[in-house]
Amino acid sequence: MSSQNGKNNLSLLAIFAHPDDEAIMTGGTLAFYARRGVEVNLLCATRGEWGTISCESLASRENLAEVREQELRHSCSILGVNLLGFLDCPDGKVNETTWCETEEKIVRYIRKTRPQVVITFGPDGLYWHPDHIATGSITTLAFESAGDADRFGNQREENLEPFQPDKLYYAVYPDFLMRQMAASVLKENKSAQLWGFSAETFGVPANQITTMLNIEETLSEKMNAIRAHQTQFAANNIFSLINEEDARHFLSREFFRLAKPEAAFGDLKTGLFAEELFDTNTRFEKNETIS
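Predicted model only: the values in this text are computed from it and were never measured.

> Kindly report on the packing of aromatic side chains, identifying the contributing residues and their values.
Counted according to the given criterion, the structure contains nine aromatic pairs. For the ring pair phenylalanine 16 and phenylalanine 121, a centre distance of 5.1 Å and an interplane angle of 70° mean the geometry is edge-to-face. With phenylalanine 16 in strand β1 (residues 11-16) and phenylalanine 121 in strand β4 (residues 117-121), this residue pair connects regions lying 105 residues apart in the sequence. This pair shows no difference in class: phenylalanine 16 is buried, exactly as phenylalanine 121 is. Pairing tryptophan 195 with phenylalanine 233 gives two aromatic rings, centres 5.5 Å apart and planes at 55°, and the pair type is tilted. You can see tryptophan 195 sitting in the loop between α6 (177-188) and β6 (211-214) and its partner phenylalanine 233 sitting in the loop between α7 (219-228) and α8 (238-241), a full 38 residues away along the chain. With a relative accessible area of 10%, phenylalanine 233 lands in the buried category. Cluster of aromatic residues (ring-pair linked, three or more members): Phe32, Tyr33 and Phe273. Its guanidinium or amino end placed over the ring of phenylalanine 32, arginine 36 lies 3.8 Å from that ring's centre, counting from NZ or CZ. The lysine or arginine in question, arginine 47, covers the ring of phenylalanine 86, its NZ or CZ lying 4.0 Å from the ring centre.

Listed below in structure tokens is the structure:
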């Protein structure tokens, strides 16, 4: 896919569990870097075949995997994702797969796409979702294994040489964000909900966040990508109901924890690559609260 500034030599790989995770967690970030010529690729662990079905006219249980894959492909086209792959894990049972086999698939993808930056779920899984947690855990193992010549050495027969990405990020929400967003939407829509989950379960303490990216310029792509996943967002879902003002206030920044190499919390970084490579248009003062 083309970008407004043409290709460069940078690559980013996002690895999530279900169709729609990419848009909710990092839609603005993926679009932001795709615009700047970074090759943006995505691995999805499952096809979300046991997810909710917002309207029976959109899909049935029998064809939901196919429908959700098409929704994900639409989302990727909106965000500028170059290459989409699947790990073919069963939805709801990522943790029950043979971890070594899943790790090997991720390592193969890393060695194939050679990203400087890898993004996945952190140990919190956004709201302690088992598939999210397992996907993040296996990706963390694969991040280290990809650069180890002794791990999955048979991949050299496919001309896949060891490759060590520079950085591993966990995509996160600060723990107040979903609570505040839900409260704002509920003022006008008392029936608003989050797939039945409590907003209190979402997010991590702010002191676990190392990086904040201003994605206001790609917020429209993020929202359009979220809404491409029609089967997942019923009419009363908060992401369906949120108005433009609230979306701009609550969703125009995306948050990360730099996991490898480990970074202590301090002044927030404003980009996932070397900051001088991009104008992220983000300003953060030491006395400002993330909110």
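From this point, the narrative continues.
> Outline helix α9 (residues 244-251), listing residues and values.
Among the residues of α9, Asp246, Ala247, Phe250 and Leu251 are the ones counted as buried. The buried residues of α9 occupy an angular sector of 100° when projected down its axis, which confines them to one face. Exposed and facing more than 90 degrees away from the buried side of α9 are Glu244 and Glu245. Among the structural elements, α6, α7, α8 and β7 (253-260) are those in contact with the buried residues of α9.

What counts, and at which threshold
Sequence order as written defines residue numbering, which begins from 1 separately in each chain. Totals for whole chains, interfaces and linings use all residues, but because this is a predicted model, local features are given only for residues with pLDDT of at least 70 and pairs of side-chain atoms are given and counted only at 80 or more. Excluding hydrogens and water, the side-chain figures rest on all heavy atoms present in the structure. A pair of aromatic rings is counted whenever rings of Phe, Tyr or Trp (Trp by its six-membered ring) have centres within 6.5 Å, and the orientation is called stacked for planes under 30 degrees apart, edge-to-face for over 60 and tilted otherwise. In DSSP terms, a helix is any run of H or I states spanning at least four residues, a strand is any run of E spanning at least two, and both are numbered starting from the N terminus. Summary of the burial criterion: residues with accessible area below 20% of their type's maximum are buried, those above 50% are exposed, and those between are partly exposed, where the area comes from a 1.4 Å probe applied to protein chains only. Only when the NZ atom of a Lys or the CZ atom of an Arg is both within 6 Å of the ring centre and within 35 degrees of the ring normal do we say a charge sits over the ring. Here the arc refers to the set of directions running from the helix axis out to each C-beta atom. Two residues qualify as a contact provided that any one of their heavy atoms is within 4.5 Å of a heavy atom in the partner residue.

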